[in-house]
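A look at the structure
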Amino acid sequence: MSAALEIRGLHHAYGAHPVVRDLSLSLPAGTIGVLLGASGCGKTTVLRCVAGFEAPQRGDIFLDGRPVTRPGLVVPPQRRRIGMVFQDHALFPHLTIAQNVAFGLQGLDRRERARRVAEMLEVVGLSAWANAWPHQLSGGQQQRAALARALAPQPALLLLDEPFSSLDEALRARLAHEVRALLRERGMTALVVTHDQHEAFAMADAVGLMHEGRIEQWGSPEALYRTPATRHAAQFVGEGVFLRGRLAGEGEVETALGRLPVRFAGEGEATAGQGNVEVLLRPEDVRLEAASPVRARVVDVLFRGAQCRLTLRLSSGEDVFALAEEAPLPSETVGVAVRRGNFRAFAG
Ligand SMILES: Nc1ncnc2c1ncn2[C@@H]1O[C@H](COP(=O)(O)OP(=O)(O)OP(=O)(O)O)[C@@H](O)[C@H]1O
């Protein structure tokens, strides 16, 4: 079966400034893909190409196996069966919520349109607000209304551009979760762009980490977090530090935390640094262990509720993070151990 969305070799520049470079991705039907990256890396431009608002210089885009963008062909947005949700709600202020949702349903007769609007409002939990005006809704409700409007014409693909960025953090997390459940339930295929990794992780089946117009790594949230392909990916996703080390045999590195088993990110990496290696350590990789011969000094304690994130200074002068349920005193000397299993390593 062909993918619901396929992008091949997409390249787009504004003037002389390339913004998307040789980007390819494939989204199977019913899955949610997220493009994650810092502001300016080209995420929105990819979305605009998929929607048909931009004609890229190179590359092909297929929806359900049908070409919609290729050299010499740009099918207009209204003929792509795409729904869109943007960051800033973008509801029509002079239309009620029900009228907003009905907006894309002109082709249907009145009864069918009313039925579809009622169904969509029910799906997003806004039935009671059908006759309200957009300004009477909270930010989260407005985003849900925008989602109902985008879903109402039964698009083949939904595009969401920073859909929850203007909401506060708690609501953002809840809505991301809710919207994922709703899209999964309806078997929707969606491409989301965001700079927020929590939003990305809450929604994605697969995440594409974008950097300077390219997808640096495409994979599950777990893969991105645990086995980042590049140093940039390791730094952009999650917290962590790089600990210096020396290759000390097959797949082992000598560090200030002892000898650690490692897996290198790329082929040839093991030898590229002439034995110098950097090992990625996430906070949960390091813990306190009173009897451990490896000692460290507590230099910072960040209270996070269920756990504290500690910054520990090793004898080498390097700092690592650790998680602990009970906070030691600042400046206290503690014993430190690492979790078992392989660590991600990069040539130093
Ligand atoms: N219409 C345009 N004309 C010229 N340059 C543009 C245009 N749209 C975007 N750019 C530039 O292209 C680059 C990528 O923009 P884009 O909006 O795709 O990135 P983004 O990753 O979505 O960032 P953000 O999250 O800030 O929107 C930026 O440097 C931006 O200034």
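Residues numbered from 1 in each chain as written. Predicted model: local features only at pLDDT ≥ 70, side-chain atom pairs only at ≥ 80, totals over all residues.

**Comments concerning the overall build of the protein**
Check the secondary structure of the protein and you find 9 helices and 21 strands. Buried positions account for 39% of the 348 residues belonging to the protein. Taking as baseline every contact in the protein between residues at least 6 positions apart, the subset at least 24 positions apart corresponds to 66%. (Helix = DSSP H or I, 4+ residues; strand = E, 2+ residues; numbered from the N terminus. Buried ≥ 20, exposed ≤ 12 C-beta atoms within 10 Å, placed from the backbone. Contact = placed C-beta atoms within 7 Å.)

**Details of unusual backbone geometry**
Apart from glycine, the bulk of residues carry a negative phi angle, and the bulk of peptide bonds sit in the trans form. With a phi close to 45°, glutamate 162 is a non-glycine residue in the positive phi region. Tracing the backbone shows glutamate 162 in the loop between β8 (157-161) and α5 (169-185). Here glutamate 212, not a glycine, exhibits a phi torsion of approximately 45°, which is positive. Topologically, glutamate 212 is positioned in the loop between β10 (206-211) and β11 (214-219).

**Comments concerning the domain arrangement of the protein**
It is common to give the size of an interface as the accessible area lost on bringing the parts into contact. Each assigned domain of the protein is listed here: domain 1 (5-228) and domain 2 (239-347). Look at where the C-alpha atoms of domain 1 and domain 2 centre, and you get two points 39 Å apart. (Domains from an automatic or database assignment.)

**Quick word on the sheet that holds strand β17 (residues 295-303)**
Strand order in the open sheet made by the 5 strands is β16-β20-β17-β18-β19, with antiparallel pairing throughout. The open sheet has two edge strands, β16 (286-288) and β19 (319-324), and neither has a second partner. This sheet shows a mean twist of 50° between the axes of neighbouring strands, independent of strand direction. (Pairing = 2+ DSSP bridges. Axes fitted to C-alpha atoms, helices over the stretch in contact; angles between N-to-C directions.)

**Quick notes on the sheet that holds strand β3 (residues 32-36)**
Ordered in space as β7-β8-β9-β3-β10-β11, the 6 strands form an open sheet in which the pairing is mixed. Of all strands in the sheet, those bounded by a partner on one side alone are β7 (82-85) and β11. Direction aside, the axes of adjacent strands within the sheet are offset by 20° on average. Pairing of β7 with β8 involves 4 bridges; the strand directions are parallel.

**A closer look at the site of the ligand**
In the vicinity of the ligand, the contacting residues are Tyr14, Val19, Gly37, Ser39, Gly40, Cys41, Gly42, Lys43, Thr44, Thr45 and His195. With 3 residues, the single largest contributor to the shell around the ligand is helix α1 (residues 43-51). (Near = placed C-beta within 6 Å.)

**Let's talk about the pairing of β3**
Judged by how many residues are buried, β3 sits mostly within the fold: 5 of 5 residues are covered. On β3, burial covers both faces: Ile32, Val34 and Leu36 on one face and Gly33 and Leu35 on the other are all buried. As paired elements, β3 and strand β9 (residues 190-194) share 5 bridges and run parallel to each other. Bridge pairing in β9 links glycine 33 to leucine 191. Strand direction decides the pairing type here: β3 and β10, joined by 4 bridges, are parallel.

**Describing α1**
The buried count for α1 comes to 7 of 9 residues, which makes it a mostly enclosed element. What α1 keeps buried is the set Lys43, Thr45, Val46, Leu47, Cys49, Val50 and Ala51.

**Observations regarding the nonpolar core**
By size, the foremost hydrophobic cluster in this structure holds 96 residues, and its most contacted members are Val101, Ala148, Leu159 and Val279. Of the residues that make up this core, three or more belong to each of domain 1 (5-228) and domain 2 (239-347). (Core = buried A, V, L, I, M, F, W, Y, C linked by C-beta atoms within 7 Å.)

**With respect to helix α3 (residues 110-123)**
Across its 14 residues, α3 extends 20 Å between first and last C-alpha, which sits within 8% of the 20 Å expected from 1.5 Å per residue. Looking at α3, one finds that the buried residues are Arg116, Val117, Met120 and Leu121. The arc that holds every buried residue of α3, seen down its axis, measures 130°, which confines them to one face. Residues of α3 that are exposed and point over 90 degrees away from its buried face: Arg111, Glu112, Arg115 and Glu122. (Expected span 1.5 Å × (residues − 1). Arc of directions from axis to C-beta.)

**Examining the confidence of the model for the protein**
Of all residues in the protein, 98% have pLDDT values of 70 or greater, and the mean over the chain is 92. Mean pLDDT in the protein bottoms out at helix α9 (residues 269-272), which sits at 68, and peaks at β3, which reaches 97. (pLDDT = per-residue confidence, 0-100.)

**Brief notes about the environment of glycine 187**
Along the chain, glycine 187 falls in the loop between α5 and β9. Of the residues examined, glycine 187 has 9 C-beta atoms within 10 Å and is grouped as exposed. The spacing of glycine 187 and serine 220 is 33 residues in sequence and 19 Å in space, taken between C-alpha atoms.

**A few points about the pairing of strand β2 (residues 17-27)**
Strand direction decides the pairing type here: strand β1 (residues 5-14) and β2, joined by 7 bridges, are antiparallel. Bridge pairing links glutamate 6 to serine 26 in β2.

**Comments concerning the environment of arginine 184**
Summarising the element assignment, arginine 184 is placed in helix α5. For arginine 184, a count of 15 C-beta atoms within 10 Å puts it in the partly exposed group. Through-space distance from the C-alpha of arginine 184 to that of alanine 4 is 15 Å; in sequence the pair is 180 residues apart.

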